[in-house]
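# Close look at the chain arrangement
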Amino acid sequence: MRKSYVFALALGAAVYAGPAEAVTPTSVTKVSRVTGATPAGESLPNPNQTHTNYEVMGTDLGIMWDKGGGEIFILFGDTFGNGWCGNGGCGGGWRSNVLARSSDRTLTDGLSFSTMIQDSSRHAKELLYSKKINFDEITVIPTAGVTVGSRHYIHYMSVNNWGDPGKWYTNYAGIAYSDDNGQNWIKHPSARWQNTSTWTNNFQVAAFVKNGGFVYMYATPNGRFGNVYLARVPENALLNINDYRYWDGNGWSSSQAVAVPVTMGAAGELSVAYNTYFGRFLMTYLNENRQAVVMRDAPTPAGPWSGEKVLASGTQHPGLYNAFIHPWATSGTDLYFVMSQWTPYNTFLMRATLTSDTFGDNLLSEPGFETQAATAVMAPWYVQGSGGIDRNLGTARTGQDAGYVRASSGWNALRQSVAVQPYTDYTLRGWVRTSANNTAGYFGARGVNNGPIVGETPFGASTGYTQLTVSFNSGPHSVLEVYSGMWADNGDTWVQLDDVSLTRGTNVGRVHPGDGPVQLRREPQRRAVRGTLGYQRHLDAGGRFQPDPELRGRPTR
């Protein structure tokens, strides 16, 4: 039975009502080839034959949106034709971007084009010019699209150079528009987000979704290793850069500088859509660290966004990236999306079935450590000290795997960063099992980079799994780090962690202008606190942290 919720975002955000269950993707299959020629041995449908019909032999992306008039646009990135070498990033007939139209509503047998925008017979046209000069402007890649009325918009990035895999660098991001059904596009001269000299602007790669009279823009820095940020603008003001407002954790600000992440982790090639059946916003992207395309879901545009759920893995689909959601597959349990694979550098239509999520509204990714490849890679968990994943040892609480730390000295912990709403209540739960000599285990949440502890519980020896619960308020933080670890003070010591969850409470924090600083509760007595400045600290009678002189030099958690 579905529960109904009403969520209100602070400071003027929209209100949403209706079903709000979290969802999980299952039964992911490859439906058809979208672009390129069918290689020997492949049995997938290939309705578009783009290699002969449009001289599109190799391409990627496949960004889709409803353009009106019973059609969608499908937008592709760097594209190659005659002379293509059979892999990404090489060959003749190079166009930085090309565009298709489709009216196909029967996706079970593939995604068919009506046509592609062409500059000559059977030749897909480059929409947005690029200099094609390395370390100047090597290409112009589209990242999102939306239609408002009869005007169509493309968000794009001007790429200065391609760095290491997944680490490209952009000059700026901008918006182009078309008033002639996509045939010609104009790059607006001021609707741009200029990158910084250190390549750190947070609004370079984007996804658009329309909702409640606004266009919401989710964005990351250049490359695939940034967090996700959020802005919005009235639908009729997409080209007015000064009308954008940026999510600051509790509301909307005119300053980019105060924007905070709505999700944490390595996000590349975003797509966001609203699913009316579940009453949830869906977000998909490549997590390069996990070698997987993942999905999150949320009841509102600003969240709280669930943890990552694997949509497609690199083990099954080598070289995969992006998962652009089909805009006409958002009213039921079937999720259709277009995915790229580096080899053979082409795009494919995929289908997943969405089901109610057994983890509910858990904000943490990989809560049971179950979907990681059999390597030392831990993301989205990270190890401080010594630890990893126990795989198939028969010692997990549920499933096959659990996280662990093990050492003979020092502080050792598993950690994960998560976006939270300031001044909001949260509950952290997890199950731990330890060696018999553990005396100094800790489970809790703190500010990032060894910031202040906002909630924590100690634990000692536990030879069987024991559930720990920590309730806390996020305070001024928009990002927190959850952790479980131990001080190895008694020789070889270990802790296992499994089935971890972080859920938001019913109160949604809000700081009103003019409220003044939040007052910390004063402690009448001095008490020891494991600190965040390099040594243990205590709270003095005035509620201020002070280092314990006798404990200087002891490492902090």
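Position labels on residues start from 1 in each chain and follow its written sequence. Two thresholds apply to this predicted model, a pLDDT of at least 70 for residue-level local features and 80 or more for giving and counting side-chain atom pairs, whereas whole-chain, interface and lining totals are computed over all residues. The side-chain quantities take in all heavy atoms of the structure and omit both hydrogens and water.

### Thoughts on the overall build of the protein chain
A count of helices and strands for the protein chain gives one helix and 38 strands. Type-normalised accessible area, obtained with a 1.4 Å probe on protein chains alone, sets the label of each residue: buried when under 20%, exposed when over 50%, and partly exposed for intermediate values. Counting all 557 residues of the protein chain, 57% fall into the buried class. Any pair of residues with heavy atoms lying within 4.5 Å of one another is described as a contacting pair. Long-range pairs, those at least 24 residues apart, make up 59% of the contacts in the protein chain with a sequence separation of at least 6. Entry remark: accessible area of the protein chain is about 21,700 Å², with carbon and sulfur atoms responsible for 50%. What counts as a helix is a DSSP run of H or I of at least four residues, what counts as a strand is a run of E of at least two, and both are numbered from the N terminus. What sets the accessible areas is the Shrake-Rupley method with a 1.4 Å probe; for residues, cover comes only from the shown protein chains.

### Points about unusual backbone geometry
Cis geometry is adopted by the peptide bond preceding Pro 304, which originates at Gly 303 and carries an omega value of 5 degrees. Note on placement: Pro 304 falls in the loop between strand 21 (292–298) and strand 22 (309–313). Geometrically, the link from Ala 379 to Pro 380 is a cis peptide bond, its omega value of 10 degrees lying close to zero. Its identity is not glycine, yet Lys 132 carries a phi of approximately 60 degrees, on the positive side. When you line up the elements, Lys 132 lands in the loop between strand 9 (123–124) and strand 10 (139–148). Although it is not a glycine, Asn 392 adopts a positive phi angle of roughly 55 degrees. One can find Asn 392 in the loop between strand 27 (387–391) and strand 28 (401–407). Residue Asn 392 is classed as exposed on the basis of its relative accessible area, which comes to 52%.

### Concerning the nonpolar core
Side-chain atoms within 4.5 Å are what join buried Ala, Val, Leu, Ile, Met, Phe, Trp, Tyr and Cys residues into a set we call a nonpolar core. Core analysis: the biggest nonpolar cluster contains 28 residues, and Trp 381, Leu 428, Phe 443, Phe 472, Leu 497 and Leu 502 have the highest contact counts within it. Looking at this core, the element that brings in the most residues is strand 35 (residues 493–504), giving four residues. Ranked by size, the runner-up nonpolar core spans 24 residues in total, among them Val 146, Met 217, Ala 219 and Tyr 246.

### Quick word on the packing of aromatic side chains
Note on ring pairs: Phe, Tyr and Trp rings are taken, using the six-membered ring of Trp, and paired if centres are within 6.5 Å. Classes follow the plane angle, with under 30 degrees stacked, over 60 edge-to-face and the rest tilted. One pass over the structure, following the stated rule, counts 23 aromatic pairs. Here the aromatic cluster, defined as three or more aromatic residues joined through ring pairs, consists of Phe 80, Trp 94, Trp 342 and Tyr 345. Consider the ring centre and the ring normal. A charge sits over the ring if Lys NZ or Arg CZ is within 6 Å of that centre and within 35 degrees of that normal. Cation over ring: Arg 224 sits above Tyr 321, and NZ or CZ is 4.8 Å from the ring centre. Cation over ring: Arg 397 sits above Trp 431, and NZ or CZ is 3.7 Å from the ring centre.

### Describing the pairing of strand 31 (residues 441–447)
Most of strand 31 sits out of view: seven of its seven residues are buried. When DSSP locates at least two bridges between a pair of strands, those strands are taken to pair. Bridge count for strand 31 against strand 32 (residues 453–459) is six bridges, and the pairing is antiparallel. Looking at the pairing, Tyr 442 lines up with Pro 458 of strand 32. With seven bridges connecting them, strand 31 and strand 34 (residues 479–487) associate as antiparallel partners. The residue of strand 34 that forms the bridge with Gly 441 is Met 486.

### Concerning the confidence of the model for the protein chain
The quantity known as pLDDT measures the predictor's confidence residue by residue, on a range of 0 to 100. The predicted model of the protein chain has a mean per-residue pLDDT of 88, with 86% of residues at 70 or higher. Low pLDDT, under 50, characterises residues 1–20; the predicted model gives this stretch 56 contacts beyond four residues in sequence or across chains. This model gives residues 511–557 a pLDDT under 50, and the stretch forms 83 contacts once residues within four places in sequence are excluded.

### Here's the deal with the sheet that holds strand 12 (residues 169–178)
Spatial ordering of the open sheet is given by 10-11-12-13, a layout of four strands whose pairing is antiparallel. Edge positions in the sheet fall to strand 10 and strand 13 (186–194), since each of these pairs with one other strand and no more. Within this sheet the neighbouring strands show an average axis-to-axis angle of 25 degrees, counted without direction. Taken together, the nine bridges between strand 11 (residues 151–161) and strand 12 define a ladder with antiparallel strand orientation. Think of each axis as a best-fit line through the C-alpha atoms, taken over the contacting stretch in the case of a helix, with angles from 0 to 180 degrees between the N-to-C directions.

### Here's the deal with the environment of Thr 493
You can see Thr 493 is positioned in strand 35. Considering only alpha carbons, one finds Thr 493 and Ala 436, 57 residues apart in sequence, at a separation of 8.1 Å. Not counting the four nearest positions on each side in its chain, Thr 493 is found in contact with Val 405, Arg 406, Ala 407, Ser 435, Asn 437, Asn 438, Met 486 and Ala 488. Within polar-contact distance, the side chain of Thr 493 engages the side chain of Asn 437 at 3.3 Å. From its side chain, Thr 493 meets the backbone oxygen of Gly 491 in a polar contact 2.7 Å long. The definition of a polar contact used here is a pair of N or O atoms within 3.5 Å, where within protein one atom must be able to donate a hydrogen and the other to accept one, and adjacent residues in sequence count solely through side-chain atom pairs.

### Let's talk about the side chain of Thr 143
As for its position among the elements, Thr 143 is in strand 10. Side chain to side chain, Thr 143 and His 155 meet in a polar contact 2.7 Å long. Polar side-chain contacts of Thr 143 include one of 3.1 Å to the backbone nitrogen of Ala 206. If we skip the residues at most four places from it in the chain, Thr 143 touches Ile 63, His 155, Tyr 156, Met 157, Val 205, Ala 206 and Phe 324.

### Looking at the side chain of Lys 309
Turning to its location among the elements, Lys 309 is positioned in strand 22. Under the relative-accessibility criterion, Lys 309 is labelled buried at 11%. Only 2.4 Å separates the side chain of Lys 309 from the side chain of Asp 297, close enough to count as a polar contact. Excluding anything up to four places from it in sequence, Lys 309 contacts Ala 22, Val 23, Thr 24, Pro 25, Val 293, Val 294, Met 295, Asp 297 and Asp 357.

### A few points about the sheet that holds strand 5 (residues 71–76)
The strand order across the open sheet formed by four strands is 4-5-6-7, and the pairing between neighbours is antiparallel. Lying at the two open borders of the sheet, with one neighbouring strand each, are strand 4 (61–68) and strand 7 (115–116). Pairing of strand 5 with strand 6 (residues 98–102), which is carried by five bridges, proceeds in the antiparallel orientation. Bridge pairing in strand 6 places Ile 74 opposite Ala 100.

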